[in-house]
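# Observations on chain architecture
Okay, here's what each chain looks like letter by letter:
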Amino acid sequence: MEEFDPNVLSEFVNMVEAETLDKFSSDSYEWLKGNGCIFSVKSYYDVVNNGSVGFSIGGEIVKAINHLREVKVPSNILFFGWRFLLNRIPTKDQLFKQGILTNKNCAFCMVDDESISHLFGRCLYSDCIWIKVFNWIGSGMELSLSKLVSFFLHCEKVKNKVRRLITAVIWLATVWSIWLMQNTIILKNSIFNFYDCMTMIVLRSWTWLSAFCKTVDGCNFSV
């Protein structure tokens, strides 16, 4: 079982004990780290950056999160990216540990355990996606295929800022599309569809770059 900071646990217990339950009131959420108890991406970043999340974060990950902050995409995608970098995605191996699932086989290959590193990288199905994405944007890149898969740990190697931001958006579109494909397979008893996944990667990349970035020069949306 994962160990948590006892001070954080004690703080949580004190908060619960200080509240009075009212069966006539509706449940609601409050974000205690933000202004007015309202959640914001910036407030969550501040919590992570200050090291007050109950688990340790390495300097390499903090740098990756700093780079992620520069990317202009919808806030829920940015939040997903932070969870990804912090290894807090509810893949099947994590749900298995919590007793929610009875098996942890990868939703794509159905052979290996579905960890975050497997689902988003080592799985044969995901690898085919990354190869296609690399061939799409990889011409003239300073990154190898393996470094593209873990882009935010190596993004400083891409010296041109515009190209770096475009690649970051496409990386986020890729991991988000892989995650939604996994969700579809589990929830709708579907199967992996390479064409659908790539189509959504391209569509999301184009949509986010067009909406949030001043330029999409150097990005060919025909794959």
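The structure this text deals with has already been given above.
These lines cover the structure that appears in this document, whether it is placed above or below. Per chain, residue numbering runs from 1 following the sequence as it is written. This being a predicted model, a pLDDT of at least 70 is required before a residue's local features are given, and a value of 80 or more before pairs of side-chain atoms are given or counted; all residues contribute to the totals for chains, interfaces and linings. With hydrogens and water set aside, each side-chain value is computed from the structure's full complement of heavy atoms.

### Brief notes about the overall build of the chain
Under the convention used in this document: Runs of H or I in DSSP of at least four residues are treated as helices and runs of E of at least two as strands, each being numbered from the N terminus. Accessibility here uses a 1.4 Å probe with only protein chains present; expressed as a share of the type maximum, an area under 20% marks a residue as buried, one over 50% as exposed, and anything in between as partly exposed. Any pair of residues with heavy atoms lying within 4.5 Å of one another is described as a contacting pair. Throughout, the Shrake-Rupley method with a 1.4 Å probe supplies accessible areas, and for residues the shown protein chains are the sole cover considered.
When its secondary structure is counted, the chain shows 10 helices and zero strands. For the chain, the sequential pattern of α-helices and β-strands runs α-α-α-α-α-α-α-α-α-α. Expressed as a percentage of the 223 residues in the chain, the buried residues total 36%. Here the contacts in the chain between residues at least 6 apart in sequence split such that 53% fall between residues at least 24 apart. A total accessible area of about 13700 Å² is found for the chain, and carbon and sulfur atoms account for 55% of it.

### Digging into the environment of Ile89
Here Ile89 shows up in the loop between helix H4 (75–85) and helix H5 (92–97). Judged by relative accessible area, which is 3%, Ile89 ranks as buried. Distance in space between the C-alpha atoms of Ile89 and Ile116 is 7.0 Å, their sequence separation being 27 residues. With residues near it in sequence (within four places) discarded, Ile89 still touches Phe80, Arg83, Phe84, Gln94, Ile116, Phe120 and Trp179.

### Points about the nonpolar core
Heads up, the rule is: Put simply, a nonpolar core is a bunch of buried Ala, Val, Leu, Ile, Met, Phe, Trp, Tyr and Cys residues held in one set by side-chain atoms that sit within 4.5 Å of each other.
Formed by 53 residues in total, the largest nonpolar core has its most connected members in Phe108, Phe120, Phe151, Phe152 and Leu172. Of all the elements in the fold, those that place two or more residues in this core are helix H3 (59–69), H4, helix H6 (116–122), helix H7 (124–137), helix H9 (161–188) and helix H10 (194–212). Counting residues per element, this core draws most heavily on H9, at 13 residues. With residues up to four places along the chain from it excluded, the contact list for Phe151 reads Leu143, Val158, Arg164, Thr167, Ala168 and Trp171.

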